[in-house]
Amino acid sequence: MIELIDIHKSFKKNKVLNGLNLKIDSGLITVIIGRSGGGKSVLLKHIIGLLKPDRGRVLIDDTDITRLNDRDLNTIRKKFGMLFQEAALFDSMTVKENVAFPLREHAKMSEVEISRVVAEKLKSVGLTGIEDKMPSELSGGMRKRVGLARAIALQPEIVLFDEPTTGLDPVMTEAINQLIVDTQKNLNATCVVISHDLESIFKISHKIAMLYDGDIIEYGTPDEIRASKNPVIEQFLSGSIEGPIKII
Amino acid sequence: MNRAAVAIDQLGRTVLEYVEEMGKIALLFLSVLRWMFQPPLKSHLIFKQMEFVGNKSIFVVVLTGAFTGMVMALQGYYGFKMFSAESMVGSVVALGMTRELGPVLTSLMVTARAGSAMAAELGTMRVTEQIDALSVMAANPVKHLIVPRVIAGVLMLPLLTVVSDFMGILGGYFVGVHLLHINSGIFVKNITTIVDLDDLYNGLVKAAVFGLILSLIGCYKGFNTRGGAEGVGKATTEAVVLSSITILISDYFLTAIMF
Amino acid sequence: MFSISSEAKVGIFVLIGLIILAYMSFQVGQRGFGLKKGYSVDVFFNNVAGLERDASVQIAGVEIGRVESIALKDGKALVTLRIGKDIKLARDVKAAIKTHGILGDKYIELVPGKDEEIYIHEGGRIINVESQADLDRLLNQLAFIADDIKKVTGALSSVLAGDEGEASIKDILENSRQLTRNLNTVVKSNEATLRAVLENTRQLTENLNNVVTKNDEKMAQTIENLRGASEQMEKTFASLNDITESIKKGEGTAGRLIKDKDMAVKLDQAIDSLRDVTDKINQGKGTIGKLINDEETVNNLNEGLTGLSRYINKAEQFRTFLSYRGEYLFDSSEAKNYLDIKIQPKQDKFYIVGLVSDPQGKKTIRDTTVAGVTTRTEEWDRDGLLFNAQIGKRYKDIVIRGGLLESTGGVGLDYFALNDKLKFTFEAFDFSADEKTHLKAAAEYQLFKHLYLSFGWDDFISDKGQESPYAGISIRFEDDDLKYLLTTTPIPK
Ligand SMILES: Nc1ncnc2c1ncn2[C@@H]1O[C@H](COP(=O)(O)OP(=O)(O)OP(=O)(O)O)[C@@H](O)[C@H]1O
Ligand SMILES: [Mg+2]
């Protein structure tokens, strides 16, 4: 279980998270929604310890990771897989080396096995025969899918997806949604997904959390969210310009 | 607060920042040492960096070394001619190259070529979250990115300096013997009697220290880049400036200690 | 396509580099080539001033070896030579220290012997040593002379200044008036002879000067002559002494003595030449003069004295130290930085003020009361600086200090060992009720003059998982040291 307790985070004067509390249940797909620039990526980075809160605690299976040393943090991180919003592929390595990276680091596999796993993971994100390409030769959507393949290569217990379907065509979007659902089912993984694609969200999520103004203002099943009378959520779901969410 | 107080406050902050930066670089060095001795060593990464720092710098180093030696020979010739001691030109070129110009010029060239590239590469990795990706995959960024570069710097700089020394002396020989018609036997004899093994080796020790400085500072600046493409540019410039200054300053102290 | 791996490329480069290095080392080190295997031979010299290790050993201008070591043994310089293994030295080979080149490098010249029956072996000794034109001995000789002169003038002055001497001085003056009158006539009648004598003396001193400065081959001989001369002089002075002794006795001998024309003329001449000598000494001519008037000697002495007084002052003075310390916490991979100024008005008392940057940050505790319920919150300000302000006192090897440690109250205990090179430290601070006291233990070792290495354990009873071993480096300057560092760093040759 992932538990965020009273998280405060600012960058200089910019207060991004303001006393945020959230409990994410194991074995479910939880989607975090919220306005652009609202701090969703920042929240995700707190879960994996890339950012440390100014105040508050982050509990992963009851361990406070904000107070851990390098070694212990790394032990916990081995449970994780993460897809970055901009994929964050190593651009000095080929696609194959990118996907193989976690395998080489943490799994004792032969070269043959590694090649097989890499090909399999790439196939699951709809890519074949691009192993020897460099990331700079790929399109944005392809890069994102390679990043996805890398995130799930080690079959992690917890997978964090930062906008996995943004920039993909409808067919590919559907395929990735399916991949997330399958990953969760097959590995019984905990998936935390950031997404702006409402249709997909309601299709795949077990729980939805709405981040607004540095805090989670609504947290519940898709049906509960849809039925919510909170004006912020109503405006967000309808996508209307009028309402409490100000554009400027 | 009045202006003076603000100025003093600013000065204090700047000094403290500078001291803190030096401290951080020193601590980064400690952390590099710590990770260097934790197996497994990423040998393919080290070789890749050695090729980048070493092999790919050969051309510039050969060129700067040779021309430096040639210029020294020419200048030395005019000076020594006044005392009819033209044959000393060889030893001046050789001594100058092995003790000072070989290590310093090589390090400055490599700083410009590889130190800046290290800062730019790590800087880009930082702003495109590749370093975060490393951390997330429980791979220590210092071990993966900085250790190989520092090892490559420390090992390759002395080798490049050997090449530079050699080319400098060769260039000096060419100018002295072929263009200025100094007797070749005396030219060489003067080199071998005046230059000591210690001159050569101390120069190489200097080069290794400079290699450490330029790779460490390049990595430090890249690693701590903030703010997009502009930040990467800034980090690169800062790395080259800080490395060059530190190399020249430490050269003075190394010379004072060694010779 | 044929491609070479990074490893292979690097390998090729390393190989080429090493080959060039080996070639250059071989070329440059060639001077000593083959000598390592040679054999060593000892020579004793009286004086090897200017001779350096590794100086060349030559026969007929050809280098056949090097000076391996120079040591002092029984008041003489023991020089060990390493001679190339193909060179054979006859037992009666002769060694001398010579000078060559514009730079005046000293080297050892061997003159082959004739006794080809017996050669010198490893560890052997060259017995024939050509002694250097021994300036030192000359100096010694002259020092004796100077002593004598001092005795004579001392005696004279006591005669002239003494109470009982007054009467005889009157006598002497009266006599000398007569004497000069007589002298005048003598001089007038003997003018030519006197001039010749003076001319001769002048020439003599000129020659002497030439000999001394040019240090030419005949030096040894000259010295021999000089020694004879000085012995003679010594005798003369002895008799002069006798004379003044008797003058002192006030037996009226002086008058009688001076009335004796011949004696008077001799005395006058002696005094004149004495004045000549002392004048020359004053003007820095000649070796004694140089010695006495040598500014360097005086400077050296002065420097020695000021150095000493500075040293004595320093011990009593108010001292300030500036130090920076960085501590790398292994567990959190973060660094703590300390910048301290230590003011030490007395040897056993000091004050410390400083700044600490702590990655943990600065804690502020806030109590907020809402509807009668008080909640206490802790805030960590990561950019905040912490402060140090302590007062301390030293008892022998133990220092006790207290005050503000990292912006909270605390105390510290230091124990010094190994002449203060090693320091053990224990600190306790942050005694706030809601968490365990911050304890810190460390050992610090002085690696170089200004550089210290430390290892320790920070916050080791923490209940918040903040305990961590650390390694630190610190740099510490005394403000004086800073001044020295800026002014006395050697200028590279
Ligand atoms: N490393 C950082 N340094 C400074 N500010 C940052 C940093 N990371 C994020 N921010 C700021 O934090 C705020 C939230 O950023 P974040 O990336 O979490 O938004 P987001 O909700 O993911 O938006 P989007 O949906 O567009 O990805 C933004 O205002 C951003 O400027
Ligand atoms: Mg985002």
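Notes on the structure in this doc start here. Because the structure is a prediction, the values reported are computed rather than measured.

### What about the coordination of the magnesium ion (ligand 2)?
All names here are of chain A.
So, step 1. Within the protein, S41 (OG) and Q85 (OE1) serve as the donor atoms for the magnesium ion (ligand 2), at 2.0 to 2.2 Å. Placement of S41 in helix α1 (residues 40-47) and of Q85 in the loop between β6 (80-83) and α3 (95-106) is noted, with a sequence separation of 44 residues between them.
So, step 2. Judged by its relative accessible area of 29%, Q85 is partly exposed.

### Re the interface of chain C and chain B
When the parts of a complex come together, some accessible area is lost, and that lost area is often used as the size of the interface.
So, step 1. Listed per partner, the contact involves 35 residues of chain C and 37 residues of chain B.
So, step 2. Applying the counting criterion to the chain C and chain B interface returns one salt bridge.
So, step 3. For K9(C), the salt bridge goes to E51(B), with nearest N and O atoms at 3.0 Å.
So, step 4. Between chain C and chain B we count five residue pairs in polar contact (both at pLDDT 80 or more) in total.
So, step 5. Taken together, the elements giving at least two residues each to the side of chain C that touches chain B come down to α1 (6-28), β9 (319-329), β10 (334-346) and β11 (349-357) of chain C.

### A closer look at the interface of chain B and chain A
So, step 1. If you look at the interface, chain B gives 17 residues, while chain A gives 20 residues.
So, step 2. Carbon and sulfur atoms supply 57% of the area buried between chain B and chain A, which totals about 1,600 Å² over both sides.
So, step 3. Among the residues of chain B in contact with chain A, E129(B), V136(B) and M137(B) are the three that bury the most area, contributing 38% of the side total.
So, step 4. At the boundary of chain B with chain A, the tally comes to two salt bridges.

### Here we look at the site of ligand 1
All names here are of chain A.
So, step 1. Close contacts around ligand 1 come from 14 residues, with S36, G37, K40, S41 and Q85 the closest.
So, step 2. In the model, an oxygen atom of ligand 1 is placed 2.9 Å from a nitrogen or oxygen of the G39 main chain.
So, step 3. Contact with the protein chains removes 62% of the 630 Å² of surface that ligand 1 exposes when unbound.
So, step 4. Looking at the shell around ligand 1, the elements with two or more residues in it are β2 (14-24) and α1.
So, step 5. By residue number, the principal contributor to the shell around ligand 1 is α1, which donates three residues.
So, step 6. The residue makeup of the shell around ligand 1, split by class, is three nonpolar, eight polar and three charged.

### Re the nonpolar core
So, step 1. Within the largest apolar cluster, 108 residues are counted, with the highest numbers of intra-cluster contacts made by L20(A), I47(A), I60(A), L160(A), V32(B) and I146(B).
So, step 2. In terms of domain composition, this core takes at least three residues from each of domain 1 (1-79 + 157-166 + 179-219) and domain 2 (83-155) of chain A.
So, step 3. Aside from chain neighbours lying at most four places away, what touches L160(A) is L44(A), I47(A), I48(A), F80(A), G81(A), M82(A), L83(A) and V192(A).
So, step 4. Listed in part, the 46 residues of the second largest apolar core include V95(A), A149(A), L179(A) and I204(A).

### Structural notes on the environment of I127(C)
So, step 1. With respect to the secondary-structure elements, I127(C) resides in the loop between β7 (124-126) and β8 (128-129).
So, step 2. Linking I127(C) and F45(C), residues 82 residues apart in sequence, is a C-alpha distance of 9.9 Å.

### Brief notes about unusual backbone geometry
So, step 1. The phi dihedral of N188(A) falls on the positive side, at around 50°, and the residue is not glycine.
So, step 2. Within the element layout of this structure, N188(A) appears in the loop between α6 (170-187) and β8 (190-194).
So, step 3. In this structure, H181(B) is a non-glycine residue whose phi angle is positive, near 60°.
So, step 4. Among the structural elements, H181(B) can be located in the loop between α6 (141-179) and α7 (184-194).

### Quick notes on the pairing of strand β3 (residues 29-34) of chain A
Residues and elements named next belong to chain A.
So, step 1. Burial of β3 is extensive: six of the six residues sit out of reach of the surface.
So, step 2. Two strands pair when backbone bridges link them, and β3 and β8 are joined in this way by four bridges, in the parallel orientation. By the bridge assignment, V31 is partnered in β8 with V193.
So, step 3. Here β3 pairs with strand β9 (residues 207-212) via five bridges, running parallel. Its bridge partner lying in β9, I32 is registered against A209.

### Description of the pattern of salt bridges
So, step 1. Scanning all chains against the criterion turns up 36 salt bridges over all chains.
So, step 2. Residue D251(B) pairs with K206(B) through a salt bridge whose shortest N-O separation is 2.9 Å. You can see D251(B) sitting in helix α9 (residues 228-258) and its partner K206(B) sitting in helix α8 (residues 197-223), a full 45 residues away along the chain.
So, step 3. Between E68(C) and R82(C) there is a salt bridge, with the nearest N and O atoms lying 2.3 Å from each other. With E68(C) in strand β3 (residues 62-73) and R82(C) in strand β4 (residues 76-83), the pair connects residues that are 14 residues apart, well separated along the chain.
So, step 4. With relative accessibility at 31%, the residue E68(C) sits in the partly exposed group.
So, step 5. The buried category is assigned to R82(C), whose relative accessible area is 18%.
So, step 6. Residues joined by salt bridges that share partners form a network here, namely E21(B), K221(B), K234(B) and E238(B).

Calculation notes
Residues numbered from 1 in each chain as written. Chains lettered and ligands numbered in written order. Predicted model: local features only at pLDDT ≥ 70, side-chain atom pairs only at ≥ 80, totals over all residues. Heavy atoms only, no water. Donors = N, O, S within 2.8 Å, 3.2 Å for Na, K, Ca; no water. Helix = DSSP H or I, 4+ residues; strand = E, 2+ residues; numbered from the N terminus. Buried < 20%, exposed > 50% of the residue type's maximum accessible area, 1.4 Å probe, protein only. Contact = heavy atoms within 4.5 Å. Salt bridge = Lys/Arg side-chain N within 4 Å of Asp/Glu carboxyl O. Polar contact = N/O pair within 3.5 Å; in protein donor to acceptor, adjacent residues only side chain to side chain. Buried area = accessible area lost by both parts, 1.4 Å probe. Near = heavy atom within 4 Å. Areas by Shrake-Rupley, 256 points an atom, 1.4 Å probe, with all protein chains shown as cover. Nonpolar A, V, L, I, M, F, W, Y, C, P; charged D, E, K, R; others polar. Core = buried A, V, L, I, M, F, W, Y, C linked by side-chain atoms within 4.5 Å. Domains from an automatic or database assignment. Pairing = 2+ DSSP bridges.

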